[in-house]
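# Remarks on the overall topology
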Amino acid sequence: MSIEAIRERRARLESMLTANNFRLPPLKTASSSSSTSSSKTPQQPSRPSSRTPLPDIGSSRPGSQEGAQEKKAEKQKEMTKAKQKEKEKEKEKVKEKEEEKETGELRTETKERHEQQQEEMMERMRKQMQELMQQQMQELMQRQMRDMQKLLEQQMEHRMNYNQKIGEISRRGGSGDAAKEQGKKDQERKKEEKEKEKGEKDRREGESKAKKKEEEPSKAKGDNQQSGKKKKELKRKKDDEEKRKELEEELVKKFQERNKVVHSGKMRETPLYSDDAFLPGDNYTVDVDYGKDENEEDKENKNGEEEEKDKEKEEDPKTEEEKAQEDEDEESDEEDITDAKDDIVEGLKSQDKRRQLVCAEKARHLLSSPRPPLNQLIAAGVLPPLVLCMARQDAPELQLEAAWAVTNIASGKSKHTNAVVDAGAIKVLIQLLSSKNTGVREQAVWALGNIVGDGPECRDRAIAEGLVKPLVGLLSVTTPASIARQVCWVITNLFRVKHPVISPDERKMCAEAIKRLVSHFDAKVQADSLWAAAYFADMGSGSIDELIECGAVKDMVQRLYSQDDKVVTAALRATGSIAAGANHQTEAVVTSGALPIYRELLGHSNVGIASETAWILSNVTAGTPSQIQMVIDVQVVPALMTAVEKRNEELQKEASWALCNMVSGGTEEQISMLMSLGAVSSFCHLLKSQDAALVMLGLEALSNVFTKSQNEEATARLVEGVGGLETLRSLQSSQDPKVAQTASTLLSLFFSSSRRSSYGY
């Protein structure tokens, strides 16, 4: 092999070895190889080498060099393959990590979507509940307003009949005692008529039953269905009539207290109506003395309630068979769920949460139907498992559905509500008031409101279970308006019927809660809380003091400026209940700035609001001289004089009492101020009234004006100038002997010839 070929091979080998950090020794020349073929390779420096020197290519054989190169190439290929495998493994690992990341993101997204769907479902349920609650509350308020309007109309008719009857008795020479006796006789006569009607009804029912027994039992199915429908309609009408009577009796009691107005240190004689029936002719007059102790009044009220209960028991001659028949009729009116009720009860008793929820929903849907099967579900034993489901804190959805079903059962008759109470629902519902779920809390409040509103027994039992503190604790700055409305409704039911068994601490908590609700931004909460304040004040002087101490009176007065007539009416009722109390309680209303808005409300387009305002002012003017002076300073007297000349009888009467109380309790200086404002003209205007009571009121006012006047002559000239002298002369021939006698007395005392000559005319 030539030197050139060797050099080429060496160059290729060097390039290959250079890649692997190897280096070949220098190539020998031809002369040196021939001359020194036997000489050795020069020695390296004394420093030891870390590499083994390669053999001399010139002295090596060609075959051995090619084998080394092949081995090195194979090693290089193996190393390249190993690197590729490592890269592939790294890529696989990266790919696996990416797949795991994508899977985790997908799971997170699925979980978030599921949670979002659950939240949307709960939000829809909350909205549906709120809409249903608002609809039911609106319907309830509309029914109450309609019943109130009917009752007011009946009251006006009642009073007119009373005045006519008093006039007839007076013309016959009768007295107040004769009117009382006549009223009692009329009541006895009506009771006899009722008994006769009842006997006739029983006789007709007996005849109809006998005819049914004689008839053949082969009646058509359609006829049975029609008769069943008629029975249902009659029964529904009967239930509606009973509810209407209960509402009328409750409102009558309120009107009895509302119509008491202070006059000359005593309560004014006011016609009160019998609790047995709200019918014209059952009239009574009662004198109430301020000196009576509150404890005696409470005892009398309790005795009266016991007597009413005894009368109800005596007047209820239904036998057990008849009651059982009524229960059967009620069940026939309900939707038939014979096939479903047992499954519902068994499902509620099971430990499967999902099955319990489904069965609770079924029960709730059935109880929300137009013909709820209350009796069937109660008889099947649905209440105990529902109460247990309400107690499951790990399942808020189940608690909500169970509480909803219990609410619908408690909204039925008293026996249904008592069944809920007997099942131990009150304690569990009170525990639900502290639930973290807003829907559960709201539903629990609703259920407790139905229980408390059923009557005094259920109400007192709920108070005894500790209702007041957690109920009031629901109120805060962040409380939703829906829950605030429900809490306000429950508090109203607590005091709607008198004499709740409540401790002083609980009463104080309720007063503070009423203050907070009165200042709420929602108009409906304001109106309901003001009615609650009125019922709360009706409990007695101590309750009124609680409202004054917590500062609720100022908030009540602020509500008088509302643009909503419902809020204004409720505020008038609340402030009026306080103003009808003792002098320091009336002072709290006056000093809170109520007189200016009272002056404006006297001219309100709603006659009921104007009349209520005049009634409150009549209580204010029956107070101390300082309170009368504030009424004069705020320019309320001209507004009262304008109201006296209005055609509305109720407004005229209340405004007249307000003016006459000022004359009766005012000082001589205040009487002079009233005369300068023209009050004598209003008193003489009363003398022309067709109502004998208003005429007597005007005569008494003129008598007080003459008695307290500093210038009798000027007063006489003033009365004569507005036509009062001619009216007094005409009243001497009045059919009412008391009016005629009083008019004659005034004429003889202040307008006799000797007096007129002393006046200089």
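Residues numbered from 1 in each chain as written. Predicted model: local features only at pLDDT ≥ 70, side-chain atom pairs only at ≥ 80, totals over all residues. Heavy atoms only, no water.

### Some words on the overall build of the protein chain
Along the protein chain, the regular secondary structure elements total 36 helices and 4 strands. Scored against the burial criterion, the 761 residues of the protein chain give a buried share of 39%. Counted over contacts in the protein chain with a minimum sequence separation of 6, partners at least 24 positions apart contribute 71%. When the accessible area of the protein chain is evaluated, it comes to approximately 43900 Å², of which 49% is carbon and sulfur surface. (Helix = DSSP H or I, 4+ residues; strand = E, 2+ residues; numbered from the N terminus. Buried < 20%, exposed > 50% of the residue type's maximum accessible area, 1.4 Å probe, protein only. Contact = heavy atoms within 4.5 Å. Areas by Shrake-Rupley, 256 points an atom, 1.4 Å probe, with all protein chains shown as cover.)

### Brief notes about a positive patch on the surface
The grouping of Lys-77, Lys-81, Lys-85, Lys-89, Lys-93 and Lys-97 at the surface amounts to a positive patch. Judged by its relative accessible area of 58%, Lys-77 is exposed. (Patch = residues over 30% accessible without salt bridge, like charges linked within 9 Å, V, L, I, M, F, W, Y side chains within 5 Å. Salt bridge = Lys/Arg side-chain N within 4 Å of Asp/Glu carboxyl O. Lys, Arg positive; Asp, Glu negative; His and termini not counted. Charge placed at Lys NZ, Arg CZ, Asp CG, Glu CD.)

### Section: the pattern of salt bridges
By the definition in use, this model includes 14 salt bridges. Linking Arg-113 and Glu-109 is a salt bridge whose minimum nitrogen-to-oxygen distance equals 3.4 Å. With Arg-113 and Glu-109 both in helix H3 (residues 62-171), this residue pair falls 4 residues apart, about one helical turn. Classification of Glu-109 as partly exposed rests on a relative accessible area of 45%. For Glu-713, the salt bridge goes to Arg-717, with nearest N and O atoms at 3.3 Å. Residue Glu-713 and its partner Arg-717 are located together in helix H33 (residues 712-721), separated by 4 residues, close to a single helical turn. By relative accessible area, which is 27% here, Glu-713 ends up partly exposed. Take Arg-717: its relative accessible area is 40%, and that puts it in the partly exposed class. Members of the salt-bridge network, linked through shared partners, are Lys-353, Arg-392 and Asp-394.

### Quick look at the nonpolar core
Counting residues in hydrophobic clusters, the biggest one holds 164 residues, and the most contacted among them are Met-390 and Leu-467. Residues in contact with Leu-467, not counting those within four places in the same chain, are Ile-430, Leu-433, Leu-448, Val-452, Ala-462, Val-490 and Leu-494. (Core = buried A, V, L, I, M, F, W, Y, C linked by side-chain atoms within 4.5 Å.)

### Notes on the confidence of the model for the protein chain
Averaged over the protein chain, the pLDDT score is 77; the fraction of residues at 70 or greater is 69%. Throughout residues 254-317 the model reports pLDDT below 50, and contacts reaching past four residues in sequence, or to other chains, amount to 123 contacts. (pLDDT = per-residue confidence, 0-100.)

### Points about the packing of aromatic side chains
By the definition in use, this model includes 4 aromatic pairs. When the ring of Phe-706 is compared with that of Phe-751, the centres are 5.6 Å apart and the planes differ by 90 degrees; the resulting orientation is edge-to-face. Pair noted here: Phe-706 is in helix H32 (residues 692-708) and Phe-751 is in the loop between helix H35 (737-750) and helix H36 (753-759), with a separation of 45 residues, a long-range link. Phe-706 sits in the buried class, given a relative accessible area of 5%. The exposure class assigned to Phe-751 is buried, which follows from its relative accessible area of 6%. One aromatic cluster is present, formed by Phe-706, Phe-750 and Phe-751 through successive ring pairs. The ring of Trp-404 has Arg-364 lying over it, and the distance from NZ or CZ to the ring centre is 4.2 Å. (Phe/Tyr/Trp six-rings, centres within 6.5 Å; stacked < 30°, edge-to-face > 60°. Lys NZ or Arg CZ within 6 Å of the ring centre and 35° of its normal.)

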